[in-house]
Amino acid sequence: MALSDEQLREAVSACQAAGGNKQAAADALGMAASTLKDRLVIASRRGFLPPAVPTMPGFEVTRLQTGPRGTTIEQRPEKGGVFEVPEGHRVKGVSSFVGADGRTIASWVKTQEDIGQREEAMRAALDAFKDELPRAAPTAAPKHTIEHLLNQYTITDHHLGGLAWGEETGGSDYDTRISERLIIDWFTAAISQSPPAKRAIFAQLGDFLHYDSFKSITPEHGHQLDSDSRYPKMVRAAIRIVRTVIDMLLEKHEQVDVLMCDANHDPAGGVWLREMLSAFYENEPRVTVDTNPGTYSFIEHGDVSLFYHHGHRRGVKNVDSILVGKFRKLYGRTNFSYAHTGHKHCDELKTTDLMKVEQHETLAAPDAYGSNWMSGRSAKVISYHKKFGEVGRITLTPEMVSG
């Protein structure tokens, strides 16, 4: 808080009247001794302590030295007020300039936008207009399905809004229009070829959107991304896709579970997708949307436990232990456990002492950055039986479903 010259002179006068006794002066002014001390420090910088020293505008006294040749006064530009973290930001790190004696000379505080606050604000906005959203009307269930079977339609790292130039990457072109058409073509083929399971999971493992705001950068580290589209166009395309896919799944399966995993490219996008879908399908009893805002999710299917995580926090080698720790009751009452991750855009399957852990490829074409690594492009439908675990799978590549 800025102090006036009158307040500073008042503190100096009170201290002089008390013979230098700061506690007595503070009592006389009706303030804490520590407050008086802070005022006297500021007064000394302003040149108000005896001997009085005139200061230049915008400067403060930093040293006053008396010697045989008189008094030497050193003034420097006045420092700013006490640092406060900007609203909506959090402290990212502190850099310090340290002298030879190990003492701090100066420090620099680095902040960044607080993703948690941004997501909280977005959730509040969604809550405010949920009642105005149109609700999907219930639809008729299919007549014949297999009671004990579940089909998991596994999509990860689709990067809607990303851009790939085949001439540069050595692969295929990729943009918003191509990615939207590709995922609809994939689900059309995957649904037609999969068994008529009673239950289906739309398992979207994260990074569905390429970026998370009007800036085409990663939210946490600010990495520049190759982007095709404007953010509102991405949002519209994302909503069209998920609504189309869910409607397609409802035609074949009695029950549809929707998972939109938290991820590193679109953490806020995952929030509004989950909340929007939950509100839209509120009156459709055959659709269940997982609105869990955490990083790890699960589905229970008879003796089978299915776990989901994007893979940006834990990978194939160590995700199993955190899943068992977080969901120990579910893990303990099931005989078959499977974990599914994405993030690295390549396939990997590992059987641990706890469960089978699988990392999945993406349908998306690699951009300039991603083309530095070699990986295939595919997505899978995995079928699970309530009593026997995995009983089948279908793998489809972009070339197999195009058109």
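Further up the page is the structure itself.
Residues numbered from 1 in each chain as written. Predicted model: local features only at pLDDT ≥ 70, side-chain atom pairs only at ≥ 80, totals over all residues. Heavy atoms only, no water.

### Digging into the sheet that holds strand β7 (residues 255-260)
- Pairing is mixed across the open sheet formed by 6 strands, whose spatial order is β8-β7-β6-β5-β14-β15. At either margin of the open sheet sits one strand with a lone partner, and together these are β8 (287-289) and β15 (389-396). Geometrically, the sheet is characterised by an average inter-axis angle of 20 degrees between neighbouring strands, direction not taken into account.
- Across the sheet, helix α7 (residues 231-252) touches β5 (146-155), β6 (197-204), β7 and β8, and the angle it forms with β6 is around 165 degrees. (Pairing = 2+ DSSP bridges. Helix = DSSP H or I, 4+ residues; strand = E, 2+ residues; numbered from the N terminus. Axes fitted to C-alpha atoms, helices over the stretch in contact; angles between N-to-C directions. Contact = heavy atoms within 4.5 Å.)

### Side note on the packing of aromatic side chains
- Under the criterion given, the structure shown has 10 aromatic pairs.
- Judged by centre distance (6.4 Å) and plane angle (40 degrees), the rings of Y211 and Y231 are tilted. Highlighted residues: Y211 in the loop between β6 and α7 and Y231 in helix α7, separated in sequence by 20 residues. In this structure, Y211 and Y231 share a single accessibility class: buried.
- Geometrically, the ring pair formed by F298 and F327 is tilted, given 4.9 Å between the ring centres and 55 degrees between the ring planes. Placement of F298 in strand β9 (residues 297-301) and of F327 in the loop between α9 (319-326) and α10 (328-332) is noted, with a sequence separation of 29 residues between them.
- An aromatic cluster of three or more residues is present, and its members are Y153, W186, F187 and F202. (Phe/Tyr/Trp six-rings, centres within 6.5 Å; stacked < 30°, edge-to-face > 60°. Buried < 20%, exposed > 50% of the residue type's maximum accessible area, 1.4 Å probe, protein only.)

### Quick notes on the nonpolar core
- Ranked by internal contacts, the top residues of the largest apolar core, which has 50 residues, are Y153, W186, F187, F202, V258 and L277.
- When residues in this core are grouped by element, the largest group, 11 residues, is from α7.
- With residues up to four places along the chain from it excluded, the contact list for L277 reads V242, I246, V258, M260 and V289.
- In this structure, L150, A203, I299 and Y338 belong to the second largest nonpolar core, which totals 13 residues. (Core = buried A, V, L, I, M, F, W, Y, C linked by side-chain atoms within 4.5 Å.)

### Brief notes about α7
- Spanning 22 residues, α7 covers 32 Å between terminal C-alpha atoms, matching the ideal 32 Å at 1.5 Å per step.
- At its buried positions, α7 is contacted by β5, α6 (176-193), β6, β7, α8 (267-280) and β8. (Expected span 1.5 Å × (residues − 1).)

### What to know about the pattern of salt bridges
- Evaluation of the coordinates by the stated rule reveals 9 salt bridges.
- Taking the shortest distance from any N to any O, the salt bridge between D347 and K380 comes out at 2.9 Å. In this pair, D347 sits in the loop between β11 (336-341) and β12 (348-351) while K380 sits in strand β14 (residues 379-385), placing the two residues 33 residues apart along the sequence.
- Classification of K380 by relative accessible area gives buried; the value is 4%.
- The partner of E358 in a salt bridge is R393, and the shortest N-O contact between them spans 2.8 Å. (Salt bridge = Lys/Arg side-chain N within 4 Å of Asp/Glu carboxyl O.)

### A short note on the side chain of S383
- Tracing the backbone through its elements, the reader meets S383 in strand β14.
- Taking the relative accessible area as the measure of exposure, S383 reaches 6% and is therefore buried.
- What S383 contacts, discounting residues up to four positions off in sequence, is L149, L150, N151, P195, G389, E390, V391 and G392.

### What to know about the environment of D175
- Tracing the chain through its elements places D175 in the loop between α5 (166-169) and α6.
- Taking the C-alpha atoms as reference, D175 lies 5.7 Å from G162; in sequence the two are 13 residues apart.
- In contact with D175, other than residues within four places in its own chain, are G162, L163 and D228.
- A distance of 3.2 Å separates a polar side-chain atom of D175 from the backbone nitrogen of R177.
- Here the side chain of D175 touches I178 through a polar contact of 2.8 Å, landing on its backbone nitrogen. (Polar contact = N/O pair within 3.5 Å; in protein donor to acceptor, adjacent residues only side chain to side chain.)

### Let's talk about unusual backbone geometry
- Positive phi is not limited to glycine here, since H343 has a value of about 80 degrees.
- As for its placement among the helices and strands, H343 is situated in the loop between β11 and β12.
- Although it is not a glycine, H345 sits at a positive phi angle of roughly 65 degrees.
- In this structure, H345 sits in the loop between β11 and β12.

### Some points on the environment of D320
- Inspection of the secondary structure puts D320 in helix α9.
- For D320, a relative accessible area of 8% corresponds to the buried category.
- Sequence separation between D320 and T351 is 31 residues; the distance between their C-alpha atoms is 9.9 Å.
- Look past the residues within four positions of D320 in its chain and what remains in contact with it is T352, L354, M355 and V357.

### Comments concerning the side chain of S337
- Mapped onto the secondary structure, S337 falls in strand β11.
- When neighbours within four sequence positions are excluded, S337 is seen to be in contact with S305, F307, Y331, L354, M355 and K356.

### Some remarks on the environment of H148
- Positionally, H148 belongs in strand β5.
- Measuring from C-alpha to C-alpha, the distance between H148 and A197 comes to 7.5 Å, with 49 residues separating the pair along the chain.
- Once residues within four sequence positions are removed from consideration, H148 is found in contact with H301, Y384, H385 and K386.

### Some remarks on α8
- For α8, spanning 14 residues, the distance from its first C-alpha to its last is 20 Å, which sits close to the expected 20 Å at 1.5 Å a residue.
- In terms of residue burial, α8 counts as a mostly covered element, since 13 of its 14 residues are buried.

### Details of a nonpolar patch on the surface
- Taken together, V91, V94 and V109 make up a surface patch of nonpolar side chains, about 230 Å² in accessible area.
- Of note, V109 is situated in strand β4 (residues 104-113). (Patch = residues over 30% accessible without salt bridge, like charges linked within 9 Å, V, L, I, M, F, W, Y side chains within 5 Å. Areas by Shrake-Rupley, 256 points an atom, 1.4 Å probe, with all protein chains shown as cover.)

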